[in-house]
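Secondary and tertiary structure notes
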Amino acid sequence: MFKIRSLVTALVLAGSVSGAYALEALPTKAPEPADNPTTAEKVALGQMLYHDPRLSSTGTVSCASCHNTMLGGEDNRPNSMGVNGQTGGRSAPTVWNAAFNKVQFWDGRAASLEDQAAGPVTNPIEMGMKSWDDVVARLKTIEGYQEAFTKVFGENSISQENATKAIAAYERTLITPNSPYDKYVKGDKSALTEQQVRGLNKAAELGCTSCHSGPAFNGAGTYQKFPVNSNGYFEAQYKFKRDKGRAEVTNNPEDEHMWKVPTLRNVALTAPYFHNGSVDTLEKAVKLMGKLQLDKDLPDEDIEDIVAFLNGLTGQFPKQSMPTLPGTPGRVAK
């Protein structure tokens, strides 16, 4: 039997899915911290900051450059490109439904969306600003931001803390409910095809959902070792072990190759796969997970069924309108 951990009231279904499973739809509202309540004005400010390349040293890279909300919430690159054409060693995780992660980044080094929003801006490869003091000084030269921050946080309120709070508030609106899976959970038995139901059953039978649990299929903040089973052939191809994962943060050998469990929501849209973006198709990713995590050689028909089910996790994306950024008429923001 497979159980998805309860974050909201579970709906127990039987019949079309073999056995009885506690299945949950994705919530339509994300939890928010007490010190950063969501307001429309704050979300609007956060959306501007999220899309503004002036938060980078070269004025060319924004949060949206690597986490594109017009697509699957990342950039479909093996490794994201930052300032001056530099690339890092990891693939950008999706920002869609990131509000349901208990930790952020592949290695979990940020405990919240607010913490996460602060990191890339001063990363020398990503956005390249020398310090957040420089970011704040630049924002203060832009009259439109002075007005927007005052409206949300009060007079003289441009700061790292308030900027990251606004970005996080915007990111908490990036939720993709009403996938075929969600509709199925809510009682529409026709929402998933027979093949997708087979894939759901197979994923449960194999144990995939023991790690990819919860309404977001993200393990609710858990870490798992990847790969569990060593395979020289696949390692030579994909080089999964070159990155030590969470151990890069903790310096604890026991954390080597431990990773935050990523969401499976909209996974069909977020190729290439895994922390280093080394796998270009979902079919290959499922095959590799079977071998490296479960020590199973999955037959093609099982892979096809599981991939069909994963396509059923693509949700409805809230419409995104590009914000009008506050300008600096006749001069450059420095």
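In what follows, the structure referred to is the one given above.
A short tour of the structure in this document, coming up.

Criteria and cut-off values
- Residues numbered from 1 in each chain as written.
- Predicted model: local features only at pLDDT ≥ 70, side-chain atom pairs only at ≥ 80, totals over all residues.
- Heavy atoms only, no water.
- 1 Å grid on protein atoms, 1.4 Å probe; cavity = no way out; pocket = protein on both sides within 12 Å on 5 of 7 lines; lining within 4 Å.
- Points joined across faces, edges and corners; volume = space filled by probe spheres on them.
- Helix = DSSP H or I, 4+ residues; strand = E, 2+ residues; numbered from the N terminus.
- Nonpolar A, V, L, I, M, F, W, Y, C, P; charged D, E, K, R; others polar.
- Buried < 20%, exposed > 50% of the residue type's maximum accessible area, 1.4 Å probe, protein only.
- Contact = heavy atoms within 4.5 Å.
- Patch = residues over 30% accessible without salt bridge, like charges linked within 9 Å, V, L, I, M, F, W, Y side chains within 5 Å.
- Areas by Shrake-Rupley, 256 points an atom, 1.4 Å probe, with all protein chains shown as cover.
- Salt bridge = Lys/Arg side-chain N within 4 Å of Asp/Glu carboxyl O.
- Lys, Arg positive; Asp, Glu negative; His and termini not counted.
- Charge placed at Lys NZ, Arg CZ, Asp CG, Glu CD.
- Phe/Tyr/Trp six-rings, centres within 6.5 Å; stacked < 30°, edge-to-face > 60°.

Bringing the layout of surface pockets into the picture now. In this model, the largest pocket occupies a volume close to 920 Å³. In terms of lining residues, the largest pocket is bounded by 43 residues, among which His 212, Pro 262, Leu 264, Phe 274 and Met 289 are the most central. Residue assignment for the lining of the largest pocket shows that the elements contributing at least two residues are helix 8 (194-206), helix 9 (208-211), strand 3 (223-225), strand 4 (258-260), helix 12 (282-294) and helix 13 (300-311). In terms of residue count, the dominant contributor to the lining of the largest pocket is helix 12 (seven residues). Along the lines of polarity and charge, the residues of the lining of the largest pocket split into 26 nonpolar, 13 polar and four charged. As a volume, the second largest pocket reaches approximately 680 Å³. Those elements giving two or more residues to the lining of the second largest pocket turn out to be helix 2 (63-66) and helix 3 (113-122). The element contributing the most residues to the lining of the second largest pocket is helix 3, with four residues.

Further remarks concern the environment of Phe 105. Structurally, Phe 105 is set in the loop between helix 2 and helix 3. Since its relative accessible area comes to 15%, Phe 105 is described here as buried. Setting aside residues no more than four positions away along its own chain, Phe 105 makes contact with Ala 110, Gln 116, Pro 120 and Lys 260.

The grouping of Glu 283, Asp 300, Glu 301 and Glu 304 at the surface amounts to a negative patch. A per-element tally of the negative patch places helix 13 first, with three residues. For Glu 304, the location among the structural elements is in helix 13.

Here Leu 310 shows up in helix 13. Excluding residues that lie within four positions of it along the chain, Leu 310 makes contacts with Leu 264, Val 267, Leu 282 and Val 286.

A cis geometry characterises the amide bond from Phe 226 onward to Pro 227, with omega recorded as -5 degrees. Here Pro 227 shows up in the loop between strand 3 and helix 10 (232-238). Here the residue pair Ala 271 and Pro 272 is connected by a cis peptide bond, since its omega of 0 degrees sits within 30 degrees of zero. Topologically, Pro 272 is positioned in the loop between strand 4 and helix 12. Positive phi is not limited to glycine here, since Asn 251 has a value of about 60 degrees.

Let's shift gears to the environment of Thr 281. Relative to the assigned elements, Thr 281 resides in the loop between strand 4 and helix 12. C-alpha separation for the pair Thr 281 and Ala 268, spaced 13 residues apart in sequence, amounts to 8.8 Å.

What follows covers the packing of aromatic side chains. Scanning all chains against the criterion turns up 14 aromatic pairs. Judged by centre distance (4.9 Å) and plane angle (5 degrees), the ring pair of Phe 226 and Phe 274 falls under stacked. In this pair, Phe 226 is assigned in the loop between strand 3 and helix 10 and Phe 274 in the loop between strand 4 and helix 12, connecting sequence segments 48 residues apart. Their ring planes at 65 degrees and their centres at 5.2 Å tell us that Phe 240 and Phe 274 sit as a pair that is edge-to-face. Of the two residues, Phe 240 is situated in the loop between helix 10 and helix 11 (247-250) and Phe 274 in the loop between strand 4 and helix 12; the sequence distance between them amounts to 34 residues.

The subject of this paragraph is the pattern of salt bridges. Any two side chains of opposite charge can pair, on the condition that their charged atoms come close. Applying the stated rule across the entire model yields 14 salt bridges. In this structure, the salt-bridge partner of Arg 90 is Asp 107, at a minimum N-O distance of 2.7 Å. Placement of the pair is Arg 90 in the loop between helix 2 and helix 3 and Asp 107 in the loop between helix 2 and helix 3, with a sequence separation of 17 residues. The partner of Asp 297 in a salt bridge is Lys 291, with the nearest N and O atoms 3.4 Å apart. We classify Asp 297 as exposed; its relative accessible area is 65%. Several salt bridges share partner residues, and in doing so they unite Arg 90, Asp 107, Arg 109 and Asp 243 into one network.

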